[in-house]
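Read off the chains here:
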Amino acid sequence: MKVPFSPPDIRQEDIDAVVDVLRSGWITTGPVSRQFEAALAAYMGVHQAVTVNSCTAALELALRALGVGPGDEVIVPAYTYTASAAVVEHVGAQVVLVDTAPGEYRPDIPTILAAVTERTKAVIVVDIAGVPFPADDLRTALEGSRPAGRLGVLDRMERPAVIVDGAHSLGATRKGMRAGQLGDFTAFSFHAVKNLTTGEGGALCWRPDLEIDDDVATRLVRRLSLHGQTKDALAKTQAGQWEYDIIERGYKSNMPDILAALGLSQLGRYDEMLATRRGLIAGYADGLAGLATVLPHAGTEFLSSAHLAMVDLGALAPHRQQIINHMAEAGISTNVHYKPLPLLTAYRSNFDIVDFPNAHAQYLAELTLPLHTLLTDESLEYVIASFREAVERAA
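Residues numbered from 1 in each chain as written. Predicted model: local features only at pLDDT ≥ 70, side-chain atom pairs only at ≥ 80, totals over all residues. Heavy atoms only, no water.

Enquirer: Just to check I follow, could you spell out the nonpolar core for this structure?
Expert: In summary, soluble globular proteins display a tendency toward joint burial of nonpolar side chains. Residues Leu63, Val74, Val88, Leu154, Ile163 and Phe185 are the most contacted members of the largest nonpolar core, which totals 61 residues. Examining the composition of this core, we find that eight residues originate from one element, helix α3 (residues 55–65), more than from any other. With sequence-adjacent residues up to four places away left out, Ile163 is seen in contact with Leu59, Ala62, Leu63, Leu66, Ala122, Val123, Ile124, Val125 and Phe185. Listed in part, the 27 residues of the second largest apolar core include Ala309, Leu367, Leu369 and Val391. (Core = buried A, V, L, I, M, F, W, Y, C linked by side-chain atoms within 4.5 Å. Buried < 20%, exposed > 50% of the residue type's maximum accessible area, 1.4 Å probe, protein only. Helix = DSSP H or I, 4+ residues; strand = E, 2+ residues; numbered from the N terminus. Contact = heavy atoms within 4.5 Å.)

Below, the structure written as structure tokens:
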């Protein structure tokens, strides 16, 4: 049996939605992108969402909207993908990495607070595997840590901004709040392997009770995502409306209608997809009980988006590659999430993995199993049986 790691779930209604855009005569950013933004905002319970071409772009635009730049510091977990940290250097600020809590895939709030200085303009936290970080608690804990200088569109804020890398967490909830409402800003990903996909894409939103002028923030983020131009292409095509200006030297990260149509179609059945994923996670937890620990995706205060089936191998950690190889021979694709940033060439000159022992230990014992809405009950049982067989062989 072949079990891919995370293929996209593309259905006929998705194909029809994209074909409709192709036939419409307008395929770049336009009315469908705006419809997708409105639908996302309604789903998350926020005032506005702005679609862009990646979660990475959304994170960078959040930093730029906050005026983060040279001389500023941004705190980032060591246990994450490079996008969470690279955007900080893109804007000219300094990355400050923090270790995870012991036995966890994310840092605790006291560790983050200990890294705060007067130069800290923002903290980026990660909803790893779709489990929401307690960004609401972090916001409260940061009160009184006033950063030097202004915070762009949040110039009245008396603390560093909290930016959530929500690449995994669309649809997650915590204390009755949806992902998108927990941090000051939240960036989402719609990459091909994400729960909801546009092929490539992302979105940026801000919590609904944030002291911000929604119209000003929306115009700024949209403008920065389109060269700093005052009009998008659709507006310029209206009769006599060719005139425009470039207010700042912006970027090119807008989402075209072709991709937005795919996302809008998938959003219509997203809760159904989440229910399937959560059921699969429960199946893994039951099937691997007593052998390995599956990252919990539900608790008294939260419900995740069930994006990744992350497994802590515990005492089996030294045999991880043997397990991966055995499962590959059985036709099952697995993965590892993530190499801590100090292990990567691009970060080694600034950081040493010995300073992040908890993140290193978590990485060495982590294995990610296939999880997607095309995974059948039969396939799930096959993966569990193959994992158990791999463990027996490794032992």
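Enquirer: It is not clear to me how helix α14 (residues 377–394) should be interpreted in this structure. Could you clarify?
Expert: Helical geometry: 3.6 residues make up each α-helical turn, so side chains three or four residues apart lie on a common side. An ideal rise of 1.5 Å per residue puts 26 Å on 18 residues; α14 measures up with 26 Å between its terminal C-alpha atoms. Looking only at α14, the buried set comprises Ser379, Leu380, Val383, Ile384, Ser386, Phe387, Ala390, Val391 and Ala394. Each buried residue of α14 sits inside an arc of 160° when the element is viewed along its axis, so together they form one side. Looking at α14, the residues exposed on the side facing more than 90 degrees away from the buried face are Asp377, Glu378, Glu381, Glu392 and Arg393. (Expected span 1.5 Å × (residues − 1). Arc of directions from axis to C-beta.)

Enquirer: When you look at the pattern of salt bridges in this model, what are you seeing that I'm missing?
Expert: Pairs may arise between side chains of opposite charge once their charged atoms sit close together. Considering all chains together, one arrives at 22 salt bridges under this definition. Lys175 serves as the salt-bridge partner of Asp136, at 3.7 Å between the closest nitrogen and oxygen. Separated by 39 residues along the polypeptide, Asp136 in helix α6 (residues 135–142) and Lys175 in the loop between β6 (173–174) and β7 (177–178) bring together distant segments of the chain. Accessibility expressed as a relative area gives 9% for Asp136, which makes it buried. Judged by relative accessible area, Lys175 falls into the partly exposed class, the value being 41%. Connected through shared salt-bridge partners, Asp136, Asp137, Arg174, Lys175 and Glu301 make up one network. (Salt bridge = Lys/Arg side-chain N within 4 Å of Asp/Glu carboxyl O.)

Enquirer: What's the story with the packing of α3 against helix α4 (residues 83–90) in this structure? I'm lost.
Expert: A pair of packed helices can be characterised by two numbers: the angle between their axes and the separation between those axes. Running from N to C, α3 and α4 point in directions that differ by 40°, and their axes come no closer than 9 Å. The angle between α3 and α4 falls in the class oblique. For the crossing formed where α3 meets α4, the hand is right-handed. For the pair formed by α3 and α4, the contact residues are Thr56, Leu59, Glu60, Leu63 and Arg64 on the first element and Ala83, Ser84, Val87, Val88 and His90 on the second. Among the residues forming the contact of α3 with α4, the class breakdown is five nonpolar, three polar and two charged. (Axes fitted to C-alpha atoms, helices over the stretch in contact; angles between N-to-C directions. Parallel < 35°, antiparallel > 145°, perpendicular 65-115°, else oblique. Left-handed = near helix turned anticlockwise from the far one by under 90°. Nonpolar A, V, L, I, M, F, W, Y, C, P; charged D, E, K, R; others polar.)

Enquirer: Quick question: what am I supposed to make of unusual backbone geometry here?
Expert: Trans is the common state for peptide bonds, and a negative phi is the common state for residues other than glycine. In this structure, the amide linkage connecting His337 to the following residue, Tyr338, adopts the cis form with an omega of -10°. Here Tyr338 is to be found in the loop between α11 (320–329) and α12 (345–348). Of note, Ala129 is a non-glycine position whose phi angle comes to about 70°, a positive value. Note on placement: Ala129 falls in the loop between β4 (120–126) and α6. Although it is not a glycine, His227 adopts a positive phi angle of roughly 65°. Owing to a relative accessible area of 38%, His227 belongs among the partly exposed residues under this scheme.

Enquirer: Any chance you could explain the sheet that holds β7 here in plain terms?
Expert: Remark on secondary structure: sheet strands pair via backbone hydrogen bonds, oriented parallel or antiparallel. Across the sheet, three strands lie side by side as β7-β6-β11; this open sheet has antiparallel pairing. The sheet terminates laterally at β7 and β11 (302–303), the two strands that pair on one side only. As paired elements, β6 and β7 share two bridges and run antiparallel to each other. The residue bridging Thr173 from the neighbouring strand is Arg178, located in β7. (Pairing = 2+ DSSP bridges.)

Enquirer: How should the packing of aromatic side chains be read in this particular structure?
Expert: Two aromatic rings are characterised by how far apart their centres lie and by the angle between their planes. Counted under the stated rule, the structure contains six aromatic pairs. Residues Phe36 and Phe190 carry aromatic rings whose centres are separated by 5.6 Å and whose planes lie at 50° to one another, so their mutual orientation is tilted. Taken together, the positions of Phe36 in helix α2 (residues 31–44) and Phe190 in the loop between β8 (185–189) and β9 (202–206) put the pair 154 residues apart, joining distant regions of the chain. Exposure class is identical for Phe36 and Phe190. Each is buried. Positioned over the ring face of Tyr43 is Arg178, at 4.4 Å from the centre of the ring. In this structure, Arg320 packs its charged tip against the face of Tyr363, placed 4.8 Å from the ring centre. (Phe/Tyr/Trp six-rings, centres within 6.5 Å; stacked < 30°, edge-to-face > 60°. Lys NZ or Arg CZ within 6 Å of the ring centre and 35° of its normal.)

Enquirer: Explain the pairing of β8 here, please?
Expert: Two faces make up the sheet, and in a regular strand the side chains alternate between them. Extensive coverage of β8 is indicated by the burial of five of its five residues. Side chains Phe185, Ala187 and Ser189 project from β8 onto one buried face, and the interleaved Thr186 and Phe188 project onto a second face that is buried too. Sheet topology note: the strand β5 (residues 161–165)/β8 ladder contains three bridges and is parallel. Paired with Ile163 across the two strands is Phe185, which belongs to β8.

Enquirer: Just checking my understanding: could you explain the sheet that holds β8 for this structure?
Expert: With mixed pairing, seven strands are arranged side by side in an open sheet as β1-β9-β8-β5-β4-β2-β3. Since the sheet does not close on itself, it has two edges, and those belong to β1 (49–52) and β3 (94–98), each with one partner. For this sheet the average axis-to-axis angle between neighbouring strands, irrespective of direction, equals 20°. Along the sheet face, helix α7 (residues 214–224) touches β1 and β9 and points at about 155° away from the line of β9.

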